[in-house]
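Analysis of the macromolecular model
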Amino acid sequence: MISIIIPAFNEGDGIRPLHQRLTDCAAAWNEDYEVILVDDGSDDDTYAVAAEIAWSDPRFKVVSLARNFGHQPAVTAGLEHARGDLVAILDADLQDPPEELHRFFRKCREGYDIVYAVRTRRKEGLLKRACYKVYYRLLASLADIRIPLDAGDFCVMNRRAVDALNALPERSRFIRGLRSWVGLRQTGLAYERQARAAGTPKYTFRKLLQLGLDGICNFSAKPLRLILLAGVALGVFSLAAALVVLVQYAADWTIWGYNPRDQKGWTSLMLAVLFLSSAQLFCLGIIGEYVGRLFDEVKGRPVYLVGRTVNLNARPRRRRKRRGATRRLTPSAAQDYTDGV
Ligand code: UDP
Ligand code: MG
């Protein structure tokens, strides 16, 4: 069976066209399938529209999260509820065309565990495209593992890869990074990213920044190492400068018109203090990013809670329990919160 996971936040206008396009494509797949629409705590009619479709189409299932947990937790919820032996992740805005899926399924059936989509062209603003381009290259150069360039969450994975992803215990989930981390047999297929079919982007600047930082901080310790290197370089430079000034003072030397015995030097002193304090703050900020993530992981809260579901009687697959770890609310436990429809 094929599972198609669709995270949706306030996509009320796009759900019906999405369902139509998927149904048309699925006719050609000639395989049993389920669509799992994860309503990420939308406050428009996303849930109502999805539930209406689900009542007339049993293959269309809805998992509605208890609030807006974010795109990555929504995809995580989908992955944990999917039953298929092939699982696809698709955006609700039709930017990732479902017509492309058959190529991905074919590649998976050829023996690949993960087939991810590589965006060759995007139909978005120039600034956004440039930011994405720079970001993916920065991430690839910093990351401790090989993360493919320009590959978002749009992908198809087999059961082995999905189970491996679901077994990963971390809460701050950067799926495209975790997907690379699990390794297995992976390949990329190029596709052209479309413009949004309806509505406006749901990733605000703040959410995008969070996702970007999650990617870098969760997959690289290099920023921390860079701080250390910068600290060492600055330390050596300061020591050398201090020595020069000391010798200058003792010998009453004037270098570049500057003599420490004069009252001069206030400006350079201020500049040095300001530069160093800002460098320190910046470095503290980077450390803060990692400490914040540690704090989040230690709290051990679940990635998401399910509010209600439609057409979904089966319990999600259990995550493997970590020995010695504090008990965490597995999705199965989370299901106890389900009030049903
Ligand atoms: N999304 C979500 N929760 C959020 C934000 C976004 O489930 O908090 C979904 C959204 O409905 C869409 C997908 O994630 O299906 C990608 O979001 P968007 O189209 O805004 O991102 P972009 O394509 O601009 O990167
Ligand atoms: Mg989009």
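First, a word on what this report is: a plain description of the structure on this page.

Cut-off values and rules
- Residues numbered from 1 in each chain as written.
- Chains lettered and ligands numbered in written order.
- Predicted model: local features only at pLDDT ≥ 70, side-chain atom pairs only at ≥ 80, totals over all residues.
- Heavy atoms only, no water.
- Helix = DSSP H or I, 4+ residues; strand = E, 2+ residues; numbered from the N terminus.
- Expected span 1.5 Å × (residues − 1).
- Buried < 20%, exposed > 50% of the residue type's maximum accessible area, 1.4 Å probe, protein only.
- Arc of directions from axis to C-beta.
- Contact = heavy atoms within 4.5 Å.
- Polar contact = N/O pair within 3.5 Å; in protein donor to acceptor, adjacent residues only side chain to side chain.
- Near = heavy atom within 4 Å.
- Areas by Shrake-Rupley, 256 points an atom, 1.4 Å probe, with all protein chains shown as cover.
- Nonpolar A, V, L, I, M, F, W, Y, C, P; charged D, E, K, R; others polar.
- Patch = residues over 30% accessible without salt bridge, like charges linked within 9 Å, V, L, I, M, F, W, Y side chains within 5 Å.
- Salt bridge = Lys/Arg side-chain N within 4 Å of Asp/Glu carboxyl O.
- Donors = N, O, S within 2.8 Å, 3.2 Å for Na, K, Ca; no water.
- Phe/Tyr/Trp six-rings, centres within 6.5 Å; stacked < 30°, edge-to-face > 60°.
- Lys NZ or Arg CZ within 6 Å of the ring centre and 35° of its normal.
- Pairing = 2+ DSSP bridges.
- Axes fitted to C-alpha atoms, helices over the stretch in contact; angles between N-to-C directions.

1. What to know about helix H1 (residues 15-29)
The end-to-end C-alpha distance of H1 is 21 Å, a good match for the 21 Å that 15 residues give at a rise of 1.5 Å each. Burial in H1 covers these residues: Ile15, Leu18, His19, Leu22, Cys25, Ala26 and Trp29. Along the axis of H1, the buried residues cluster in a sector spanning 135°; they form a single face. The exposed residues of H1 that point more than 90 degrees off its buried face are Ala27 and Ala28. Lining the buried residues of H1 we find strand S1 (2-8), strand S2 (33-39), helix H2 (46-56), strand S3 (60-65) and helix H4 (101-109).

2. Let's talk about the environment of Arg176
Residue position: Arg176 is located in helix H7 (residues 175-182). Between the alpha carbons of Arg176 and Gln72 there is a distance of 9.5 Å; along the sequence they are 104 residues apart. Residue contacts for Arg176: discarding those within four places in its chain leaves Gln72, Tyr136, Ile147, Ala151, Gly152, Asp153 and Leu211. One polar contact links Arg176 to Tyr136, side chain to side chain, over a distance of 2.6 Å. One polar contact links Arg176 to Asp153, side chain to side chain, over a distance of 3.1 Å.

3. Examining the site of ligand 1
As a matter of local geometry, ligand 1 sits amid 20 residues, with Glu11, Asp40, Asp93, Gln95 and Lys202 nearest to it. A distance of 3.2 Å separates an oxygen atom of ligand 1 from a polar atom in the side chain of Tyr132. Interatomic distance of 2.7 Å between a side-chain N/O atom of Lys207 and an oxygen atom of ligand 1. Within the complex, the protein chains bury 97% of what would otherwise be the 520 Å² of accessible surface of ligand 1. Elements that contribute at least two residues to the shell around ligand 1 include exactly S1 and helix H5 (126-142). Partitioning the shell around ligand 1 into residue classes produces seven nonpolar, four polar and nine charged.

4. Observations regarding a nonpolar patch on the surface
Taken together, Leu224, Leu281, Leu284, Ile287 and Val291 make up a surface patch of nonpolar side chains, about 450 Å² in accessible area. With a relative accessible area of 55%, Leu284 lands in the exposed category.

5. What about the coordination of the magnesium ion (ligand 2)?
Between any two of four tetrahedral donors, the ideal angle at the metal is 109.5 degrees; between two of six octahedral donors, it is 90 or 180 degrees. Each protein donor to the magnesium ion (ligand 2) is listed here as Asp93 (OD) and Gln95 (OE1); together their distances run 1.9 Å. Residue classification places Asp93 among the buried residues on the basis of a relative accessible area of 5%. Owing to a relative accessible area of 7%, Gln95 belongs among the buried residues under this scheme.

6. Section: the packing of aromatic side chains
Taken as a whole, this structure holds six aromatic pairs when the rule is applied. Here Tyr135 and Tyr136 contribute two aromatic rings whose centre-to-centre distance is 5.8 Å and whose plane-to-plane angle is 65°, an arrangement assigned as edge-to-face. This pair shows no difference in class: Tyr135 is buried, exactly as Tyr136 is. Measuring from centroid to centroid gives 5.0 Å for Phe154 and Tyr191, while their planes differ by 80°, and the two rings are edge-to-face. Residue Phe154 is found in strand S6 (residues 151-158), and its partner Tyr191 is found in strand S7 (residues 186-192); the two are separated by 37 residues along the sequence. The burial state of Phe154 is the same as that of Tyr191; both residues are buried. Between the NZ or CZ atom of Arg67 and the centre of the ring of Phe69, over which it lies, the distance is 4.0 Å. Above the plane of the ring of Tyr47 lies Arg308, whose end atom (NZ or CZ) is 3.8 Å from the centre.

7. A closer look at the sheet that holds S3
Ordered by their spatial adjacency, eight strands build an open sheet running S7-S5-S6-S4-S1-S2-S3-S8, and the pairing between neighbours is mixed. Each edge of the sheet is formed by a strand with only one pairing partner; in this case those strands are S7 and strand S8 (306-310). On average, each strand axis in the sheet is inclined to that of its neighbour by 20°, with strand direction left out of account. Across five bridges, S2 lies against S3 in parallel orientation. Across the sheet, Ile36 pairs through a bridge with Lys61, a residue of S3. With respect to the sheet, H4 is in contact with S1, strand S4 (86-89), strand S5 (114-121), S6 and S7, its orientation differing from that of S6 by roughly 50°.

8. Quick notes on the environment of Asp91
Here Asp91 lies in the loop between S4 and H4. Distance from Asp91 to Arg179, taken between C-alpha atoms, is 17 Å for residues 88 residues apart in sequence. In this structure Asp91 touches Ile6, Leu18, His71, Asp96 and Arg193, once residues within four positions along its chain are discounted. In terms of polar contacts, Asp91 uses its side chain to reach the side chain of Arg193, at 2.9 Å.

By themselves, these figures tell us nothing about what the structure is for.
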